[in-house]
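# Secondary and tertiary structure notes
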Amino acid sequence: MSKNCLVILSGLPGAGKTTCVNQLQIKFSFKYNCFVIHYDDFLPPDFDNFSFKEIRNNILSATNKFLETLINKNDSSFQFISKTFIINRNSLPNLLIIDDNMYYRSMRYEFFKLSRQFQISFCQIFIDLELDVILERNKLRSSSEIISDEIIKNMYKKFEKPMENWEKYSLIFNTDIDYTLIANLIDRSLEDPNCKIELKTCEKQEQSMLHLIDLELRKIVNREIKKVCGNEKSIYIGKLQSWKIDCFQKIKNKDILIDNVDNLESFVENLFIRYF
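About the thresholds
Throughout this document, residue positions are counted from 1 along each chain, in the order its sequence is written. Residue-level local features of this predicted model are given only where pLDDT is at least 70; pairs of side-chain atoms are given and counted only at 80 or more, and the full residue set underlies all totals for whole chains, interfaces and linings. The side-chain quantities take in all heavy atoms of the structure and omit both hydrogens and water. For helices the rule is a DSSP run of H or I covering at least 4 residues; for strands it is a run of E covering at least 2, with both sets numbered from the N terminus onward. Only protein chains enter the calculation, and the probe is 1.4 Å; a residue is then buried if its accessible area is under 20% of its type maximum, exposed if over 50%, and partly exposed in between. Here, two residues are considered to be in contact whenever any of their heavy atoms come within 4.5 Å of each other. Calculation of accessible area relied on Shrake-Rupley with a 1.4 Å probe; when residues are assessed, cover is drawn exclusively from the protein chains displayed. In short, DSSP must find at least two bridges between two strands for them to pair. Only C-alpha atoms enter the line fits that serve as axes; for helices the fit covers just the stretch in contact. Angles between N-to-C directions range over 0 to 180 degrees. For this document, the term salt bridge refers to a Lys or Arg side-chain nitrogen within 4 Å of an Asp or Glu carboxyl oxygen. Aromatic pairs are defined between Phe, Tyr and Trp rings, using the six-membered ring for Trp, whenever the two ring centres lie within 6.5 Å; interplanar angles under 30 degrees are classed as stacked, those over 60 as edge-to-face, and all others as tilted. A ring is considered to have a charge above it if a Lys NZ or an Arg CZ atom is located within 6 Å of its centre and within 35 degrees of its normal.

## Description of the overall build of the protein chain
Looking only at helices and strands, one finds nine helices and seven strands in the protein chain. Counting every position in the protein chain, which comprises 276 residues, the buried fraction comes to 44%. Counting only contacts in the protein chain whose residues sit at least 6 apart along the sequence, the fraction spanning at least 24 positions is 75%. Of the roughly 15200 Å² of accessible surface on the protein chain, 49% is carried by carbon and sulfur atoms.

## Describing the environment of Pro 44
Along the polypeptide, Pro 44 turns up in the loop between strand E2 (33-38) and helix H2 (52-72). Among the residues examined, Pro 44 registers a relative accessible area of 23% and is labelled partly exposed. With 11 residues separating them in the primary sequence, Pro 44 and Ile 55 have C-alpha atoms 8.7 Å apart.

## Re the sheet that holds strand E5 (residues 94-100)
The sheet built from five strands is open, its strands ordered E2-E5-E1-E6-E7 with parallel pairing. Either end of the sheet is taken by a strand with one partner, and the two such strands are E2 and strand E7 (170-173). Each strand of the sheet is rotated relative to its neighbour by a mean of 20 degrees, with strand direction disregarded. Bridge count between strand E1 (residues 4-11) and strand E6 (residues 121-127): seven bridges; the pairing is parallel. Along E6, the bridge assignment pairs Val 7 with Cys 123.

## Observations concerning the side chain of Asn 138
Here Asn 138 shows up in helix H4 (residues 131-139). Leaving out residues up to four positions away in the same chain, Asn 138 has contacts with Glu 145, Ile 146, Ile 147, Asp 149 and Ile 152.

## So, unusual backbone geometry
A positive phi is found at Met 102, a non-glycine position, where the angle reads about 40 degrees. For Met 102, the location among the structural elements is in the loop between E5 and helix H3 (105-117). Positioned with a positive phi, Gln 119 is a non-glycine residue whose angle comes to about 55 degrees. Judged by relative accessible area, which is 56%, Gln 119 ranks as exposed.

## Some words on the pairing of E2
Among the six residues in E2, six count as buried, and that is most of the element. The alternating pattern of E2 places Asn 33, Phe 35 and Ile 37 on one face and Cys 34, Val 36 and His 38 on the opposite face, and all of these are buried.

## Section: the pattern of salt bridges
Here the structure, examined in full by the defined rule, presents 16 salt bridges. Residue Asp 187 pairs with Lys 31 through a salt bridge whose shortest N-O separation is 3.1 Å. Placement of Asp 187 in helix H6 (residues 179-191) and of Lys 31 in the loop between helix H1 (17-27) and E2 is noted, with a sequence separation of 156 residues between them. We note a salt bridge from Lys 227 to Glu 224, for which the minimum N-O separation is 3.1 Å.

## What about the packing of aromatic side chains?
Overall, the coordinates contain 10 aromatic pairs when judged by the stated rule. Judged by centre distance (5.3 Å) and plane angle (80 degrees), the rings of Phe 112 and Phe 122 are edge-to-face. Taken together, the residues Phe 112 in helix H3 and Phe 122 in strand E6 connect sequence positions 10 residues apart. For the pair shown, Phe 112 and Phe 122 are each scored as buried. When the ring centre of Phe 272 is taken as reference, the NZ or CZ atom of Arg 223 above it lies at 5.7 Å.

## Thoughts on the pairing of E5
Summarising burial for E5: seven of the seven residues are buried, a large majority. Alternating residues of E5 divide into Asn 94, Leu 96, Ile 98 and Asp 100 and Leu 95, Ile 97 and Asp 99, and every residue in both groups is buried. Relative to E5, E2 is paired through six bridges, and the arrangement is parallel. For Asn 33, the partnering residue across the bridge sits in E5 and is Asn 94.

Geometry only, nothing functional implied.
See below:
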């Protein structure tokens with residue numbers, strides 16, 4: 001049985017994640033040591049100059065550091081942004097709750113890999129409300145917290161529900177949240193640390209997709225090389241090769257997202273058109 005569990009709390013802006021986190025901390029205070037990392041705490045004051053990828057990397061890094069502190073017991077407290085967590089040395093299990101939208105499965109998988117690394121339990125809670133309800137709730141938020149309807153609609157269309165083996169400890173709530181069910185989910189995951197799960201489906205799929213993208217990139221480069229001749233050919237070939245390498249690296253680093261791409265050939269072709 002594990003003594004630590006990484007809990008992903010996922011849902012769109014306005015779905016009620018913050019309320020859920022607050023209730024978890026109140027209702028479970030006698031049962032678990034609850035720690036929370038909020039996505040919003042990592043948002044910079046200047047919204048005109050920031051990268052979503054950088055924010056997510058910072059959250060992942062903070063989670064890694066927190067788990068190192070928790071597992072290795074090398075510090076009594078952990079600090080990031082403006083908050084300090086005091087790690088209790090009692091007999092209660094520890095929950096580290098990540099409060100974020102995480103609408104792509106690949107986002108959540110990064111945290112699952114982290115839980116494997118530290119050999120702790122992993123589970124997920126999804127607040128999956130109707131789009132109309134989320135949009136109405138979003139209007140009730142403070143002016144500084146309101147997200148544009150278009151962004152929410154786009155995230156709603158892209159949201160990937162749990163379906164992989166590594167997501168077996170997951171709950172989806174469409175209406176009221178049942179905290180008894182959540183406690184049962186956490187207890188079951190604590191009894192079955194995910195380090196026992198050997199499948200790496202998401203990693204295999206990602207590698208397969210990268211291979212197919214590399215083939216499509218090469219196909220376009222070879223096609224375009226045949227179109228040119230004369231003195232400009234060597235210069236153009238250099239530009240094509242640079243584009244191929246740069247494009248593949250950005251996709252691999254997730255600067256360009258390939259989640260939910262239906263037609264890979266058209267997707268890569270559009271990348272070529274936008275560049276040239």
